[in-house]
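Residue-level structure breakdown
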Amino acid sequence: MCDHNCQCSNNDGTRHNWTTEEIIAIYNKPLMELLYEAATVHRKYHDPNSVQVSSLLSIKTGGCSEDCAYCPQSARYETEVKIENADMMSVSQVKAQTLRAKSAGASRVCMGAAWRNVKDGPEFEQVLEMVRTINKLDMEVCCTLGMITENQAQRLAEAGLYAYNHNLDTSEDYYKEIISTRSYQDRLQTIENVRKTNITVCSGGIIGMGEALEDRANMLVALSTLNPQPESVPINALVPVEGTPLEDAEPVAIWEMVRMVATARIVMPRSQVRLSAGRTQMSQEGQALCFFAGANSIFAGDKLLTTPNPDINEDMRMLNELGIRIQKPFETHPQPATVEAADSQYHSLGENPKWTRPTHKIERNEEKKRVKVGK
Ligand code: SF4
């Protein structure tokens, strides 16, 4: 029996049958009640005085074919991210950045590439080499590369990938208001492909995109009903970027962030809940409340792919002030082995998977595209 007097579907205390109504009721509890409950769950499953510091590297920036309304890397919008910066980083650059992040206290490096999906070929081979290199430096390595097939997931697993990030972003209903170039089902399929390997799953979302509370709750339903639940759940507050369709979005209030983190902690008790984009808009007191509510990871470094983020030294001072210990790599899951390319069981198949291209258009996103063409 779990903490909620219900029938758990797992023996480990996690429930996979949360409903929208239950999650909304948790989110709307009086704040002190919510904080107390979330902190109690957090203490049961995690060290409440430790936080993981991850470093995000954009290995290929901008020029993306997708129309995600929040993203300055979409080639459709006129933003400060220039396509001429779209070359991939080299393996030696990634190694140097990893060593820097490690010496600053990070235990995980997350590499992001602005791709719709992974294509077999030299760029993917280069990513695999980056994964091998980082794993051999005894750092957790995560990738966010867009949609991947099962074979590609197996190849990443063999290279020593620790986690694959693929956010659901929002609810299935609201997804259609944010992105029209792929479907929610595609997202779930990639997560399923990753689940067939020993790679851990990192999947969360963004608040502040104009979604209703019901959408936030439904996103948490979608994540918490995955079995197993994602090992890692990033909660982002939208950072509106000039030139994107969401440039005028209202800032997310700290209370919404605290409530979202606390609710995620309660419904996914074993996951690492990651305080991700939007921290520059939060005070250190606000972030401390998020840690109390169950957040146990932050991204450090002055950029989160392309948006601003607090300086790593400032973060370290904050964690020190709060008496928070920085987690070491592989505290929650063992380090995967790295198989060298020559010994790989899985080879490039040159597959051409049929990921969905929904036919609907989002008028707001189309309008931004027209503005760009008209310039
Ligand atoms: S969020 Fe990812 S897939 Fe969407 S436009 Fe940005 S880089 Fe492309």
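Small disclaimer: the values here were computed from a predicted structure and weren't measured.

With that settled, consider the site of the ligand. Residues in close proximity to the ligand include C64, E66, C68, C71, Q73, S74, A114, R116 and G146, which together make up its full environment. When its residues are assigned to classes, the shell around the ligand shows four nonpolar, three polar and two charged.

With 10 of 11 residues buried, strand β1 (residues 50-60) lies mostly within the body of the structure. Inspection of the sheet shows β1 paired to strand β12 (residues 325-326) by two bridges, in the parallel sense. Across the sheet, residue S50 finds its bridge partner in β12, namely R325. Here β1 pairs with strand β9 (residues 295-300) via four bridges, running parallel.

What follows concerns the nonpolar core. Counting residues in each nonpolar core, the largest one holds 97 residues, and the members touching the most others are V131, L156, L161, Y164 and V261. Beyond its immediate stretch of four places on either side in the chain, L156 contacts L128, V131, C143, L161, Y164 and I199.

For the rest of this paragraph, the subject is the UniProt feature "binding site: [4Fe-4S] cluster" (unreviewed entry) in the chain. The positions UniProt marks with the feature "binding site: [4Fe-4S] cluster" (unreviewed entry) are C64, C68 and C71. Locating C64 in the fold gives a position in the loop between β1 and α3 (91-104). The contact partners of C64, leaving out residues within four places of it in the chain, are Q73, S74, A75, A114, W115 and R116. By the element assignment, C71 lies in the loop between β1 and α3.

Cut-off values and rules
Residues numbered from 1 in each chain as written. Predicted model: local features only at pLDDT ≥ 70, side-chain atom pairs only at ≥ 80, totals over all residues. Near = placed C-beta within 6 Å. Nonpolar A, V, L, I, M, F, W, Y, C, P; charged D, E, K, R; others polar. Buried ≥ 20, exposed ≤ 12 C-beta atoms within 10 Å, placed from the backbone. Helix = DSSP H or I, 4+ residues; strand = E, 2+ residues; numbered from the N terminus. Pairing = 2+ DSSP bridges. Core = buried A, V, L, I, M, F, W, Y, C linked by C-beta atoms within 7 Å. Contact = placed C-beta atoms within 7 Å. UniProt positions renumbered as here; feature names shortened; annotations may be inferred.

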